[in-house]
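Here are the chains, one letter per residue:
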Amino acid sequence: MKEVYIFGHKKPDTDSVTSAIALAHLKNKLGIPSVPKILGKINTETEFVLNYFNIEVPEYLDDVKIQIKDLNYYKDCYVNEKDSISKIYQYMYDKNITGVPIVDDNKKIKGLLTTKMIGHELINGDFTKLKTSYKNILEVLKGEEILRFDEEIKGNIFAAAFRSTTILNTVEMNEDTIMIVGDRHSIIEAAVNNKVKLLIIVGNLEIKDEHVEIAKKNKVNIIRTGYDTFHTTKLIGLSNYCINIFTDLRSISFNENDYYDEFKDQCIKLGHNNYPVIDDKDNCLGLIRITDINEINKKQVILVDHNESMQSVEGLEEAEILEIIDHHKLGALTTNMPINFRNMTVGSTNTIIYA
């Protein structure tokens, strides 16, 4: 349940401030989370009263305009920069979104990855390069860990599709090689002897014990997968770190405290659909889509000791007024729905609250 803001008029006197405090206390006792606020600097009389009863001065309220944090955006929607392309695509598919913020290990925003960027990579990317984690490759290929010496795998991908003699005579194998091979034992032996970075055995085929021992000695990483050579070469690129396919690491982000109307104006100019939401420290909070901006949770407020918009907080027309308690003349304030309105000819608003 959202907190209800309770406040008096812009020139707070003792009745205005203490009635907000008293009503907030009552509402909290009734199970309605409420916070007293002030709209201006308190006077010396009010300061004396609060000090006398050892009550803290309520926090100042700038406005109640709709902010991004009041919208129903995708909270906690982001993925790590070292997640695989495959994992991120599945994440977007499951959430039915076309973009997702990318963060580092400290949840600092790095950029926004979209399905369009993934599609571009699949068609125009460099299919021979790989920089990712052993874990990502294992997950994407649904593989079996045979030997693991490095958490990060970086190198050039080569699928052993030529004749064994052709490969042995023409292909250079070294610590930058990621070799995809079946049960061609002569190729496997050459690969482990040349200390390739990673050996991927396809089709769940066997690898000789003697070759495993050489691989252990030379610290060659080995993964076995049930996929055949075609599917392995097709899928392995999707194990790349997602950060590898960014063309522009920075994207347009919006702070959760940015105003709704300003956000809408920017969206019209920018023409994008997905935007990361961040806090003041660049921590990612989630994702907002242009299609979600009509789902608004307006700030809920209760007015005490006044009932005129000109005396009230900035942006009052964007808030949901729940209740008004006052002892002054009626103003021209209007609401969209019926509310509780107590207006009595007594000396103070506190008298009405007490009654």
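Okay, so let's go over this structure. (Residues numbered from 1 in each chain as written. Predicted model: local features only at pLDDT ≥ 70, side-chain atom pairs only at ≥ 80, totals over all residues. Heavy atoms only, no water.)

With that settled, consider the sheet that holds strand E19 (residues 340-343). Taken in spatial order, the six strands line up as E3-E2-E1-E17-E18-E19 in an open sheet, and their pairing is parallel. Two strands bound the open sheet, and with one partner strand each, they are strand E3 (59-60) and E19. Bridge count between strand E17 (residues 300-304) and strand E18 (residues 320-326): five bridges; the pairing is parallel. The residue of E18 that forms the bridge with Leu303 is Ile324. Contacting strand E1 (4-7), strand E2 (34-38), E17 and E18, helix H1 (residues 14-29) crosses the sheet at an angle of about 170° to E2. (Pairing = 2+ DSSP bridges. Helix = DSSP H or I, 4+ residues; strand = E, 2+ residues; numbered from the N terminus. Contact = heavy atoms within 4.5 Å. Axes fitted to C-alpha atoms, helices over the stretch in contact; angles between N-to-C directions.)

Taking every second residue as pointing to the same face, both faces of strand E12 (residues 198-201) are buried, with Leu198 and Ile200 on one and Leu199 and Ile201 on the other. Here strand E11 (residues 177-181) runs beside E12; their pairing, made up of four bridges, is parallel. Paired with Ile180 across the strands is Ile200, a residue of E12. In this fold, E11 hands off to helix H7 (residues 185-193), which returns the chain to E12; that crossover is right-handed. The pairing of E12 with strand E13 (residues 221-224) spans four bridges and is parallel. Looking at the pairing, Leu199 lines up with Ile222 of E13. (Buried < 20%, exposed > 50% of the residue type's maximum accessible area, 1.4 Å probe, protein only. Right-handed = clockwise from strand over helix to strand, strands pointing away.)

With that settled, the discussion passes to a positive patch on the surface. On the surface, Lys82, Lys129, Lys131 and Lys154 cluster together into a positively charged patch. Within the fold, Lys154 resides in strand E10 (residues 152-159). The exposure class assigned to Lys154 is exposed, which follows from its relative accessible area of 51%. (Patch = residues over 30% accessible without salt bridge, like charges linked within 9 Å, V, L, I, M, F, W, Y side chains within 5 Å. Areas by Shrake-Rupley, 256 points an atom, 1.4 Å probe, with all protein chains shown as cover. Salt bridge = Lys/Arg side-chain N within 4 Å of Asp/Glu carboxyl O. Lys, Arg positive; Asp, Glu negative; His and termini not counted. Charge placed at Lys NZ, Arg CZ, Asp CG, Glu CD.)

The next subject is the side chain of Asn221. Along the chain, Asn221 turns up in strand E13. For Asn221, a relative accessible area of 0% corresponds to the buried category. Among the polar contacts made by the side chain of Asn221, one reaches the main-chain amide nitrogen of Phe149 at a distance of 2.6 Å. A polar side-chain atom of Asn221 sits 2.9 Å from a polar atom in the side chain of Asp150. When sequence neighbours within four positions are dropped, the list of residues in contact with Asn221 reads Tyr134, Leu147, Arg148, Phe149, Asp150, Ile153, Lys197, Leu198 and Leu199. (Polar contact = N/O pair within 3.5 Å; in protein donor to acceptor, adjacent residues only side chain to side chain.)

Applying the stated rule across the entire model yields six aromatic pairs. Considering the side-chain rings of Phe254 and Tyr275, the 5.3 Å spacing of their centres and the 80° angle between planes classify their relative orientation as edge-to-face. With a gap of 21 residues between them, Phe254 in strand E14 (residues 254-255) and Tyr275 in strand E15 (residues 274-278) connect regions that are remote in the sequence. The burial state of Phe254 is the same as that of Tyr275; both residues are buried. Judged by centre distance (5.9 Å) and plane angle (85°), the rings of Phe263 and Tyr275 are edge-to-face. Placement of Phe263 in helix H10 (residues 260-270) and of Tyr275 in strand E15 is noted, with a sequence separation of 12 residues between them. Across the pair, Tyr275 and Phe263 agree in class, each one buried. Of the aromatic side chains, those joined through ring pairs into one cluster are Phe48, Tyr52 and Phe53. Directly above the aromatic system of Tyr5 lies the positively charged group of Lys37, at a separation of 5.2 Å from the ring centroid. One Lys or Arg, Lys65, reaches over the ring of Tyr259 and ends 4.4 Å from the middle of that ring. (Phe/Tyr/Trp six-rings, centres within 6.5 Å; stacked < 30°, edge-to-face > 60°. Lys NZ or Arg CZ within 6 Å of the ring centre and 35° of its normal.)

Without other data, these values stay purely geometric and don't point to any function.
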